[in-house]
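Secondary and tertiary structure notes
Letter by letter, the chains look like this.
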Amino acid sequence: MSARGAGGLRGGGGFGAAGVILTLSIGILIIVVAVPVLLIFFNAFWADGSFNVRDVIRVLREPDTYQALLNSLLIACGTTTGSTIIGTFFAWLVTRTDLPFKRFMKGMFLVPFMLPSFIGALAWKMLFSPRAGYINRFFMDTLGFENPIFNIYSYAGIIAVECMYLFPFVFIQVCGALERMDPTLEESARISGAGLFTITTRITIPLVLPSILSGALLIMLYSMAHFGTVAVLGIENGIFNIPTLIYERIHQSAGSFASIRTGTVLASVLVVSAACIIWLQNRILTRGRYQIIAGKSFRPMELKLRGLRLPLLFFCVAYICFTIVLPTVVIFLVGGLKTYGLPFTLENLSLANYKFILFEHKLTRDAIFNSVSLGLGAALITMFAGVMISYVIVKMKTRGKGILEFLGMLPFSVPGSVIALGVILAWSGKYGINLYNTVWIILVAYIARYMAFSLKANSAALEQVHDSLVEAARASGASMWQALRDIVLPLVRPGMLAAFFLIFLPSLRELTVSIMLYAPTTRTIGVAIYTLNEDGETVISAALAGVALILIISGQTLINRFTESASSGKG
Amino acid sequence: MATIQLDGVGKRYGQKNVFTDLSLTVPHGECFTLLGPSGCGKTVLLRLIAGFEDPDSGAISIGGETVASASGDNLPPDRRDLGVVFQDYAVWPHMTVFRNISYPLKLAGIGGKELEERTQRAVDLVNLGGLEQRLPSELSGGQQQRVALARALVANPSLMLLDEPLSNLDANLREEMRFEIKELQRKLDITIFYVTHDQEIALAISDRIAIMDDKGRISQIGAPADIYERPANIFVFSFMGMANFLPLRRAGENLTAGDGQPFPFAPPGGDDYVAGFRPSDVILVRPDKAGAGFLRGRVRRTSFLGAMLDYLVEIDGVLLRTALESHFALERGLVFSEGEECAVGFHSLHWFTRTEAAKAGIA
């Protein structure tokens, strides 16, 4: 027997089933994830018929490429610093002080997680673009300022907008660490005579530092490879980062050799830096984890804010209104305008645009249909593939599992624009199958992009299912398939469901991948919003963005309801 | 009928042999315990019998039918007609108590009234009446344990395999459950194969016990009293309870202990011996009350444990544990304080050769 599964799979045709599942799992990961990434490296490093590093360096030294690399780094550093400060501060505020309405605040600070940042960028553009932005115009027209007070088409603008949408990564990690931190650590410092300031700077912050750093690295990773915000705000002023330059080159030159080379070289840089960041993050997490977290829930001591209580409450409310409520409202209002630029008065506002995009305009209706069906398809396929692959990784003791574990890690470190480029290289007919310009190429790319989510959710669920549970079923007289059906499947169903929604909702607002792969009839919601805006159809674009927001927020609310009732039903 | 027969069974994990050439027969209707230190391979043996693992050599048969052999083509666990109770219970968290217990019946194609009646009987057997609709998360550890037991019993298997099923229970419940298991086995006339490292439970419930050493070899098989009273070797002796060892040397006609104190017991023959005895085999007296055949010693540590008095006694550098009933010690004036001299005699002794003791890492 070469393939030997754990108790559950062994016996009763164990060889055949285990072999089939393993082969299928490796096959899916190779075709969907490994081949595209390998093709990128191959195209980047294989020039003129041989392995060629000099040419890679030549490409990197071209002024445009070099500038894009620098920009990605600059924006990522700025965003990471800003979001880390904001995230840590708010996390501390809602866990360790007596700020009023803390629970509500915590919920609000997590809202940016749901909101697509490129829609946010659109809203900020409507508010702060130097000429047409409503706030700039208000200051210039009504208050008599000479110049616009803020130009959103700048590094500062891009970094500020990214910070608003990315700080929850740090916020949620630090909140978790602060909530689980053993209060005796602080209490013993207090007994030793340390003041609260000393405790915070000498005990608390060093202890949560691993969480802060790990959140910061996540932001770094995300921001380096982030397309939407830079595309909406940067291109106007010629600010390109790696993903937007890849898009620009591929889009403009329609797949010429030079543009593919530039794209693959840039993509390789992204993959390598992403891998480094993930490696670093794993190191920090494994070293820092057990020192802080005691597993139980405690009541940490709270800092009395006293005189600062109300000012800080006001600050938080103002922050939430300015960064979350204001842009959302602006999107809906602009979506209701007859023409972009009109003041928001009642006679200028109507539901006509919404009616138009939902019932009349073919482009937007197609986009909504495409996004929903692509999302459903990708979520379903990825959910089932994910549960199967996780099963092999977590439960089966098979030869060749090591390859699978490595392949399973890949999706975590491959950014969206890289996947899109890899998929173009793999599926444009060069290797027998041409999916280019069809909806299928987007589906393949979505599956590759979201496989990581599915693997994470499903393996977490599977790890809860002890081998002895399956063995008990086998001993009770269940065949292997009966044990899988009656025991394993019901127990991992919550994980599968989580995977489904973790994929379906983000895919509704996906932009990075779809923008590189769309054809005239295969626009997704994200692509439609972006292109309509580029074409100057601002009000239609805003209306569609509004519809997308409603879809996303109601979907998220539904899931929260569902998971809440599921978890309360269990306890 | 479920006689278990192991014939020259061997099992390997990578380079490590768990056991080689192991043979064993458990006749039908016996409550058989495999007793050994943790990590000796006893769970692996149970998993081989259950069919969760396959032997690398030899053959296993249950009730005369070969279920596994090295040549492959083994009967999967679901067709071996057995009930298994796992150390971690393995109660399915998404099913109620009733559905957990009735699952083996459902798989056997039994439904309707019969399923309900038989499940109910199993529920009552383990005293879980009234908890049928609870989820496992709402049960205590002992209750989950009983669900696992009922589930293993419900389909009337002829063989039950139990892997440390009582290790996670508190002392009272453990005692209660071990009587229940014994009771069930008698009532239902089934074979029980019980795996544990707890010699007390093994002595209490078994018809026969097999002692497995840490190399995966079976040292001795026998009735509980046999094993305890007539241990086959020094490993069995020391594993079955607190053990003292006193090295002896021959000097002319007699044996001597410690710094040449004469030792008045006759060994079976040969020169260098180690005497083994349990704390309860020691007779402790005041030095002036000592007759012939007592050794001089000194009390190094005393612990009062309520019913018992526990002394650590030193005889010329060798430390021994003794146990005296507190009442007895008070009556006879045998409450020693630390550092006092005493005399030590023996009720009974086990003899081991020096080489055997050295191999086992004793004396």
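Notes on the structure follow. Keep in mind it's a predicted model, so treat the numbers as computed, not measured. By convention here, each chain's residues receive numbers from 1 onward along its written sequence. Numbering of ligands from 1 and lettering of chains from A proceed in the order in which they are written. Local features are withheld for residues below a pLDDT of 70 in this predicted model, meaning they are given only at 70 or higher, and side-chain atom pairs are given and counted only at 80 or more; totals for whole chains, interfaces and linings count all residues. Only hydrogens and water are set aside when side-chain values are computed; all heavy atoms of the structure are taken into account.

Looking at the sheet that holds strand β16 (residues 295-304) of chain B
Residue and element names in this part refer to chain B. Here, a strand pair is defined by DSSP locating no fewer than two bridges between the strands. Secondary structure elements are defined from DSSP: runs of H or I of at least 4 residues count as helices, runs of E of at least 2 residues count as strands, and each element is numbered from the N terminus. Pairing is antiparallel in the open sheet, where five strands are placed in the order β15-β19-β16-β17-β18. The open sheet is flanked by β15 (282-285) and β18 (318-325), the only strands paired with a single partner. Shown here is a sheet whose adjacent strand axes are inclined to one another by a mean of 45°, direction ignored. Bridge count for β16 against strand β19 (residues 341-346) is four bridges, and the pairing is antiparallel. Bridged to L295 within β19 is V344. Orientation is described by lines fitted to C-alpha atoms, with helices fitted over the stretch in contact, and by angles between N-to-C directions that extend from 0 to 180 degrees.

Concerning the packing of aromatic side chains
The aromatic pairing rule takes the rings of Phe, Tyr and Trp, using the six-membered ring of Trp, and pairs them if the centres are within 6.5 Å, calling planes under 30 degrees apart stacked, those over 60 edge-to-face and the rest tilted. Applying the stated rule across the entire model yields 43 aromatic pairs over all chains. Ring geometry for F227 of chain A versus Y247 of chain A: centroids 5.3 Å apart, planes at 85°, classification edge-to-face. With a gap of 20 residues between them, F227 of chain A in the loop between α9 (196-224) and α10 (228-234) and Y247 of chain A in helix α11 (residues 242-253) connect regions that are remote in the sequence. Here F227 of chain A and Y247 of chain A have matching classes, each one buried. Between F235 of chain B and F239 of chain B the ring centres are 5.8 Å apart and the planes differ by 15°, which places this aromatic pair in the stacked class. For the exposure calls, accessible area comes from a 1.4 Å probe over protein chains only, and a residue counts as buried if that area is under 20% of its type's maximum, exposed if over 50%, partly exposed in between.

Remarks on a negative patch on the surface
Exposure above 30% relative accessible area and the absence of a salt bridge qualify a residue for a patch, where like charges join within 9 Å and nonpolar side chains (Val, Leu, Ile, Met, Phe, Trp, Tyr) within 5 Å. In these tables, accessible area is a Shrake-Rupley quantity obtained with a 1.4 Å probe, and a residue counts as shielded only by the protein chains included in the view. Throughout this description, the term salt bridge denotes a Lys or Arg side-chain nitrogen within 4 Å of a carboxyl oxygen of Asp or Glu. Just so you know, the count uses Lys and Arg for positive and Asp and Glu for negative, and it drops His and the chain ends. Working definition for charges: the position is that of NZ of Lys, CZ of Arg, CG of Asp or CD of Glu. Together, E236, E534, D535 and E537 of chain A make up a region of like negative charge exposed at the surface. Here E236 of chain A is to be found in the loop between α10 and α11.

Observations regarding the environment of A379 of chain A
Residue and element names in this part refer to chain A. Tracing the chain through its elements places A379 in helix α15 (residues 362-395). Between the C-alpha atoms of A379 and I158, which are 221 residues apart in sequence, the distance is 31 Å. Non-local contacts of A379, meaning those with residues more than four positions away in its chain, are made with F500, I503 and F504. Any two residues having at least one pair of non-hydrogen atoms within 4.5 Å are treated as being in contact.

Digging into the interface of chain B and chain A
Facing the 24 residues of chain B at the interface are 22 residues of chain A. Accessible-area loss on putting two parts together, using a 1.4 Å probe and summing over both, is the definition of buried area adopted here. Interface area for chain B against chain A, summed over the two sides, is near 1900 Å², with a carbon-plus-sulfur share of 56%. Counting across the interface, chain B meets chain A through two salt bridges. Residue R474 of chain A pairs with D78 of chain B through a salt bridge whose shortest N-O separation is 2.7 Å. Counting of polar contacts relies on pairs of N or O atoms within 3.5 Å, with two restrictions inside protein: one atom must be capable of donating a hydrogen and the other of accepting it, and residues adjacent in sequence are counted only when both atoms are side-chain atoms. Put simply, chain B and chain A have six residue pairs in polar contact (both at pLDDT 80 or more) between them. Sorting the residues of the side of chain B that touches chain A by element identifies β6 (82-85) and α2 (97-107) of chain B as the ones contributing at least two each.

What about the nonpolar core?
Residues belong to a common nonpolar core when they are buried Ala, Val, Leu, Ile, Met, Phe, Trp, Tyr or Cys residues joined through side-chain atoms within 4.5 Å. F109 and L517 of chain A together with L45 and F193 of chain B are the most contacted members of the largest nonpolar core, which has 218 residues in total. Sorting elements by how many residues they give to this core places helix α7 (residues 155-180) of chain A first, with 15 residues. Residue ranges assigned to the domains are those given by an automatic or database domain assignment. The residue makeup of this core includes at least three contributed by each of domain 1 (1-52 + 351-571) and domain 2 (62-350) of chain A.

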